[in-house]
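Examining the three-dimensional arrangement
Below are the chains, spelled out letter by letter.
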Amino acid sequence: MIKLIAGPMATLSHQGLRKIIEGFGGCDEYYTEMINAASFLTHGKFESFYALNETAADKIVWQLTGKDSTPMAEAALELCSLGGIGIDINMGCSAPEIYKTGAGISWMIRPREETHDMICAVRDKVKLRLSAKIRLGDEDFTDEGFYSFCRMLYDCGIEQLVIHPRTKKEKLARPPRYFYVENVAREFLGKMNVVLNGNVKDVSSFNAALRAAPSVSAVMIARTSAQKPWIFAKLKRAMGEGASPEQNSAFIQSAENEPLKIDRLAVGLEYIQNLRTDQPPEFWITRMQRFFAYYCDNFSYGHYIKSKMLNCKSLEDAERTFTSYFDEVKDDRWEKV
Ligand SMILES: Cc1cc2nc3c(=O)[nH]c(=O)nc-3n(C[C@H](O)[C@H](O)[C@H](O)COP(=O)(O)O)c2cc1C
């Protein structure tokens, strides 16, 4: 059975979004947004928000980022005490502010012994499942270099490997190269879970990804989990699993004898409300803006509503602005099940 995983996204993959996805029936694993190991260990004002686990506690994977092995191992140990499925090491983030510090994808580029030693240090502390999320490597990566890197991760004790098959500089618009994922999945079948990530956004792209990489054990979805938090419910239905629309309380009937639908207005308002309960006030506006940058792509006048949401100065303002859009474009409120 193919598992479905909500991918890690800085500023987006927090408890507020998890709650919404769970409301639609959930997915199998939730990767958290990356948690900076050294900052987490300071127990600063905001760090506890990264570690919230009131929702779907047993399905959480804590994703760690960092440049030094000691704080990564210590932070991993601390996060393990909160339970969940496991710890993930971010080796794929190619945002300059991350890799230039020696974190993220720089673990795929620096001398291999350093990466080996870091993983072993984290492995020693972690009693839960250890995973890693990688890309293909730098622009000059070679097939042999990539495959031997994956073998090194397995030898160090990585039990689940998420592959986002693009190079460091390749943008998200470029097609991911699924055949690399399939080759690794086939080599490690029965030994290490291999997870495909990149550009899965609906039933047809999900099926296409699985045709290209039939040996993977799971598919991870990042951006679409924010744009359409109901994506996992739709995929489960397509696979013949999960609740039927009639059993799913997130699917509603707007009028008698009408087909069941998803209320996109209610989902947006619920997200804003979740920010109040699950995020510190200092993060409210930026996190509202980051979510609606994706969520507004659902709408006919997406650019229009997106720019209005980006200009909101308070959550109340965001609620009013978002609600009033549906006075203007009534049909946009409903997503077909
Ligand atoms: C806004 C944003 C934030 C992201 N943050 C992280 C992160 O914290 N850790 C990580 O490993 N990948 C991060 N990613 C990469 C995604 O997890 C994923 O690999 C990428 O978006 C491709 O998958 P998708 O096509 O399903 O979105 C981020 C991507 C986006 C768009």
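Residues numbered from 1 in each chain as written. Predicted model: local features only at pLDDT ≥ 70, side-chain atom pairs only at ≥ 80, totals over all residues. Heavy atoms only, no water.

Let us now look at the environment of R151. Positionally, R151 belongs in helix α8 (residues 143-156). Separated by 33 residues in the primary sequence, R151 and V184 place their C-alpha atoms 9.0 Å from one another. Setting aside its immediate chain neighbours within four residues, R151 contacts E144, E187 and F188. (Helix = DSSP H or I, 4+ residues; strand = E, 2+ residues; numbered from the N terminus. Contact = heavy atoms within 4.5 Å.)

Among the structural elements, S81 can be located in the loop between α4 (69-80) and β5 (86-91). With a relative accessible area of 61%, S81 lands in the exposed category. Taking the C-alpha atoms as reference points, S81 and T286, 205 residues apart in sequence, are found 30 Å from one another. (Buried < 20%, exposed > 50% of the residue type's maximum accessible area, 1.4 Å probe, protein only.)

For the rest of this paragraph, the subject is the packing of α8 against helix α9 (residues 178-187). Between α8 and α9, whose axes approach to 11 Å, the crossing angle comes to 40 degrees. Compared by their axis directions, α8 and α9 come out oblique. Both α8 and α9 take part in a crossing whose hand is right-handed. On the side of α8, the interface is formed by D143, F146, Y147, C150 and R151, while α9 contributes Y180, N183, V184 and E187. (Axes fitted to C-alpha atoms, helices over the stretch in contact; angles between N-to-C directions. Parallel < 35°, antiparallel > 145°, perpendicular 65-115°, else oblique. Left-handed = near helix turned anticlockwise from the far one by under 90°.)

Attention now moves to the sheet that holds strand β10 (residues 251-252). Pairing is antiparallel across the open sheet formed by three strands, whose spatial order is β10-β11-β12. The strands lining the two open edges of the sheet, one partner per strand, are β10 and β12 (334-336). Two strands pair when backbone bridges link them, and β10 and strand β11 (residues 261-263) are joined in this way by two bridges, in the antiparallel orientation. Paired with F251 across the bridge in β11 is I262. (Pairing = 2+ DSSP bridges.)

Quick look at the packing of aromatic side chains now. The final tally for this structure, using the stated rule, is 24 aromatic pairs. Taking the centre distance of 5.6 Å and the plane angle of 70 degrees together, the rings of F141 and Y180 count as edge-to-face. Here Y180 lies in helix α9 and F141 lies in the loop between β6 (129-134) and α8, a separation of 39 residues in the sequence. For the pair shown, F141 and Y180 are each scored as buried. By way of ring pairs, the aromatic residues F24, W230, F251, Y271, F291, F292, Y295, F299, Y304, F322, Y325 and F326 are connected into one cluster. The ring of W107 has R110 lying over it, and the distance from NZ or CZ to the ring centre is 3.6 Å. (Phe/Tyr/Trp six-rings, centres within 6.5 Å; stacked < 30°, edge-to-face > 60°. Lys NZ or Arg CZ within 6 Å of the ring centre and 35° of its normal.)

A word on the site of the ligand. Looking at the ligand, there are 17 residues lining it, with P8, K133, N197, N199 and R223 nearest. At 3.3 Å, a backbone N or O of M34 approaches an oxygen atom of the ligand. Residue A222 places a main-chain N or O atom 2.8 Å away from an oxygen atom belonging to the ligand. Isolated, the ligand exposes 610 Å² of accessible area, and the fraction of that covered by the protein chains is 91%. For the shell around the ligand, the per-class residue count stands at eight nonpolar, six polar and three charged. (Near = heavy atom within 4 Å. Polar contact = N/O pair within 3.5 Å; in protein donor to acceptor, adjacent residues only side chain to side chain. Areas by Shrake-Rupley, 256 points an atom, 1.4 Å probe, with all protein chains shown as cover. Nonpolar A, V, L, I, M, F, W, Y, C, P; charged D, E, K, R; others polar.)

A few words on the pattern of salt bridges. If you walk through the whole model with that rule in mind, you get 23 salt bridges. Each of the salt bridges in this network shares a partner with another, and the network as a whole consists of K228, K234, R264 and E335. (Salt bridge = Lys/Arg side-chain N within 4 Å of Asp/Glu carboxyl O.)

All right, on to the side chain of D263 then. Along the chain, D263 turns up in strand β11. A distance of 2.8 Å separates polar atoms of two side chains, one belonging to D263 and the other to R333.

Counting buried positions along β5 yields six of six residues, so the element is predominantly enclosed. Both faces of β5 are covered, namely the face carrying G86, D88 and N90 and the face carrying I87, I89 and M91. Where strand β4 (residues 60-65) lies against β5, four bridges are found, and the strand directions are parallel. Paired with L64 across the two strands is I89, which belongs to β5. Handedness of the crossover joining β4 and β5 through α4: right-handed. Pairing of β5 with β6, which is carried by six bridges, proceeds in the parallel orientation. Across the sheet, the residue bridging to N90 is K133, located in β6. (Right-handed = clockwise from strand over helix to strand, strands pointing away.)

Let us look at the domain arrangement of the protein. Per the domain assignment, the segments making up the protein are domain 1 (3-242) and domain 2 (246-336). Domain 1 and domain 2 are separated by 27 Å when their C-alpha centres are compared. Contact residues are listed per partner, giving 25 residues for domain 1 and 25 residues for domain 2. In total, about 2300 Å² of surface goes out of reach between domain 1 and domain 2, with carbon and sulfur atoms giving 61% of it. (Domains from an automatic or database assignment. Buried area = accessible area lost by both parts, 1.4 Å probe.)

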